[in-house]
Amino acid sequence: MKLVIAEKPSVGAAIAAVMGANEKRSGYFEGGGYLVSWCIGHLISLADAATYNEQFRKWKYDDLPIVPQEWQFIVASGKEQQFSILKDLMHRSDVTEIINACDSGREGELIFRFVYEQANCKKPFSRLWISSMEASAIREGFSNLKDGRGYDNLYQSALCRAKADWLIGINATRLFSILYHKTLNVGRVQTPTLAMLVNRDYAISSFKKEKYHVVRLDVGGVAALSERQDDEAAARQMKAACEKSQAVCTSLKKEKKTAAPPKLFDLTALQREANRLYGFTAKQTLDYAQALYEKRLLTYPRTDSKYITSDMEGSTKELITGLCAALPFMQGVKLQADLARICDNSKVTDHHAILPTAEFVKTGFSSLAESEKKLMTLVCAKLLCAVAAPYEYEAVTAVFTCGGYTFTAKGRTTLCEGWREIERLSRAASGEQDEDAEPEAVLPPLAEGQTFDNPAAEISERYTQPPKAFTEDTLLSAMESAGKEDTPEDAERKGLGTTATRAGIIEKLISAGFAERKGKKLIPTKDGYNLVAILPDSLTSPQLTAEWETRLTGIAKGSDSPADFMRGIEEMTAGL
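Please read these numbers as outputs of a predicted model, since none were measured by experiment.

The rules behind the values
Residues numbered from 1 in each chain as written. Predicted model: local features only at pLDDT ≥ 70, side-chain atom pairs only at ≥ 80, totals over all residues. Heavy atoms only, no water. Axes fitted to C-alpha atoms, helices over the stretch in contact; angles between N-to-C directions. Helix = DSSP H or I, 4+ residues; strand = E, 2+ residues; numbered from the N terminus. Parallel < 35°, antiparallel > 145°, perpendicular 65-115°, else oblique. Left-handed = near helix turned anticlockwise from the far one by under 90°. Contact = heavy atoms within 4.5 Å. Nonpolar A, V, L, I, M, F, W, Y, C, P; charged D, E, K, R; others polar. Pairing = 2+ DSSP bridges.

J.: When you look at the packing of helix H9 (residues 267-278) against helix H15 (residues 472-481) in this model, what are you seeing that I'm missing?
T.: The axes of two packed helices give the description: the angle between them and the distance between them. Between H9 and H15, the least distance of the axes is 8 Å, while the angle of their chain directions is 155°. Judged on the interaxial angle alone, H15 and H9 are roughly antiparallel. Handedness of the crossing formed by H9 with H15: left-handed. Of H15, the residues touching H9 (which contributes Thr-268, Gln-271, Arg-272, Asn-275 and Arg-276) are Glu-472, Asp-473, Leu-476, Ser-477 and Glu-480. Split by residue class, the contact of H9 with H15 holds one nonpolar, four polar and five charged.

Next up, the structure:
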């Protein structure tokens, strides 16, 4: 008998159905030589401080830092029954091998190993590593099981992440709560994220707007603008001079430009676009994507890659052909798919970019909720855009002189709509307007040396604009690139958190009362301001996390030492 352990009940049920384990038992399925069971997310976690010493129940300055010598683990409360089912199955005499079918990533590895270790299991185990819940992908995964020990470094990296977060979280939270007589939750990733919100909000509230003027010249139906004028009298003088003069087109520059097709979605890019277009929170997008993955309509969503591998070219080509036929907005669109642009083996580590599945081509949108339909449309359109022709246009810049002053007008003419056509049609199909899209200005025919007598001129009053408040779209982008300037060129840049954890971090800040949502905006609360004000830079700067993620990636690849990493974390904790 082989025991398969999945991360969630729904995934366990899907695997059981494919592998022929059709007899339902309490907490597992059986049949076809397999037992299929599941964790319920994190079944085992690091024990809290009081487990190590009863006196740690009370928060006291003299007890810090708390650094366990021998780490202890506990079964998550309310999940004891499922753990005991798994433990009994692992120790069943007819079970010869265990298959780790938890999510294929750092956290999935941790979830399985914690259960395996806590159950004191010594049986050999292998790893199922798949990117899609389709029956064909599951079967292929089972015929290509990997040696479970080949993922030891990934587990070490996950374990270091969990222990380091425990050390910083428990010690810093207790330290600052004791010092300021108020519960202040400190987290390695959430605190620098909060600092970004606070700094931006402060920049907005302390912004002093300044008035300036622009003179607009109407030359033959073209609106040409002057440079910014800080002084109103100077703007009036310019207007008066122009109305008495002749305007001359002194330069006309036409440039052919191309905008390359967008890349495929990784999770963060999908969360950003869904927030911008639909107002979905990062967590909502992850939840919808996870549900679509479990329905076998979408590939594994917690990915940080925007590419596919070369061995997927054939199946992706079929997928594109299928989508062109199945999606109403693609009717009549001619698409010559160029797959070379989305293939790059070196840029796919654990999982390829998010794609629709062949199963989706068969079933379509029929059984989906409105929010899931929107997300599927985004993913399908992104794949089709990514392999379409570039968008080509001619950018025109016309410069005029009048009364001794210079004015500029810009316009563009589309030469080949390329991927923008698919994006436009898909947005129209789901009734979406992209607020950030620039309207296209087309200039009438002009010639150098062309003159315009007594052009009309008008002054418009304008004000400098404060920075914009963060939305989830822009905060995710800032988290993704945070600490970049502190990270060496060749490091795997991870920014704050990972694609899989960023949504949770935003939710945590809100539930802890440090930030709140106002429409699409994310605004820090008074408590958020106060927390950032008292913490040392080492905890509010993204640099710490950028260093951690670079080192955790090194541990996962076997090029960095877990013991060295943990020593550094313990020293930092004591230093606080």
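Further notes follow.
J.: For this particular structure, what's the right way to read the packing of H15 against helix H16 (residues 502-511)?
T.: The geometry of H15 relative to H16 is characterised by a closest axis approach of 11 Å and an angle of 115° between their N-to-C directions. At the point where H15 passes H16, the crossing takes the right-handed sense. Residues Glu-472, Leu-475, Leu-476, Met-479 and Glu-480 of H15 pack against Arg-502, Ile-505 and Ile-506 of H16.

J.: Looking at this structure, I do not really get the sheet that holds strand E9 (residues 146-147). What am I missing?
T.: The strands making up a sheet associate through backbone hydrogen bonding, with each pair oriented either parallel or antiparallel. If you walk across this open sheet you meet the seven strands as E2-E3-E4-E1-E7-E8-E9, and the pairing is mixed. Since the sheet does not close on itself, it has two edges, and those belong to strand E2 (23-25) and E9, each with one partner. Note that E2 and strand E3 (residues 28-31) share three bridges and pair antiparallel. Its bridge partner being in E3, Glu-23 is matched across the sheet by Glu-30. Contacts between helix H4 (residues 106-118) and the sheet are confined to strand E1 (2-6), strand E7 (97-101) and strand E8 (125-127), with E8 contributing the most and set at about 170° to the helix.

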